[in-house]
Amino acid sequence: MFGTYTGLQGNLFDQLNRLQRELDESFGLWPQAAELRAPGWGSWPPINIGATAERVDVYLFAPGLDPNELDISIQRNLLTIAGQRRIDRAEDQRWYRTERHSGEFRRAVTLPEDADPDRVDASYRDGVLHVSVQRHESSQPRRITVS
C-alpha cells in the first residue's frame, strides 16, 4: 500500500511527521503544523510563484492587510515582502483559539538572474498581493528569420 514501508510501524507520513517534531524539539523550534503538506512555522502568508519568458509573478495570499503599509523591495535578485496584519481585539477579551494569523511577517523570494529590478509592478486586490517582475529584454527569446 502507498505510504507504508516495511520495517516502520504505521504510515510513512506519520513517521515523517514524528521525526519532524523530534527535530524541531531538539533545535528548540516552535511546533509545526499537524500535516506534512500544511505550511510550517514562519511560512505565512502563503506564496505562489510563476514564471514566463517575459516575467516572474509572485502572489501572496493575505487578506486584511493595509497595502499602504507593505514594504516591498528588491536587492540583488532577492524580492522581500514585509508587512503586518492587525486584528482588532477588545482588551478584556480572552482568546481560547485563534486560527487567523496576525502580526508582522517577512517573506523573501530569490528571483532569476535575468529579473529586472527597474520594472516591477505591485497590486493588492481581494486579499491577494500580486508582484510582477519583468525579465531583461536581452534575455528573452528572439526569433531570427532566415533570408
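In short, a report on the structure. All figures in this text were calculated on a predicted structure; none of them were measured in a lab.

## Points about the nonpolar core
Counting 17 residues, the largest nonpolar core has Leu 60, Leu 79, Ile 81, Phe 105, Leu 111 and Val 131 as its most contacted members. Counting residues per element, the ones that place at least two in this core are β2 (55-61), β4 (78-85), β5 (103-110) and β7 (128-135).

## Points about the side chain of Arg 135
Summarising the element assignment, Arg 135 is placed in strand β7. A distance of 2.8 Å separates a polar atom in the side chain of Arg 135 from the backbone oxygen of Thr 52. Polar side-chain contacts of Arg 135 include one of 2.9 Å to the side chain of Asp 114.

## Focus: the packing of aromatic side chains
Summed over the entire model, instances satisfying the criterion amount to one aromatic pair. Ring plane angle 90° and centroid distance 5.3 Å describe the contact between Trp 44 and Phe 105, whose orientation is recorded as edge-to-face. In this pair, Trp 44 sits in the loop between α1 (12-26) and β1 (47-51) while Phe 105 sits in strand β5, placing the two residues 61 residues apart along the sequence. Across the pair, Phe 105 and Trp 44 agree in class, each one buried.

## Focus: the sheet that holds β5
Strand order across the open sheet formed by three strands is β3-β4-β5, with antiparallel pairing between neighbours. Each edge of the open sheet carries a strand with a single partner, namely β3 (71-75) and β5. If you compare each strand with its neighbour and ignore which way they point, the axes differ by 15° on average. Relative to β4, β3 runs antiparallel, the two being bridged by five bridges. Opposite Ile 72, over in β4, you have Ile 81 as the bridge partner.

Parameters at a glance
- Residues numbered from 1 in each chain as written.
- Predicted model: local features only at pLDDT ≥ 70, side-chain atom pairs only at ≥ 80, totals over all residues.
- Heavy atoms only, no water.
- Core = buried A, V, L, I, M, F, W, Y, C linked by side-chain atoms within 4.5 Å.
- Buried < 20%, exposed > 50% of the residue type's maximum accessible area, 1.4 Å probe, protein only.
- Helix = DSSP H or I, 4+ residues; strand = E, 2+ residues; numbered from the N terminus.
- Polar contact = N/O pair within 3.5 Å; in protein donor to acceptor, adjacent residues only side chain to side chain.
- Phe/Tyr/Trp six-rings, centres within 6.5 Å; stacked < 30°, edge-to-face > 60°.
- Pairing = 2+ DSSP bridges.
- Axes fitted to C-alpha atoms, helices over the stretch in contact; angles between N-to-C directions.

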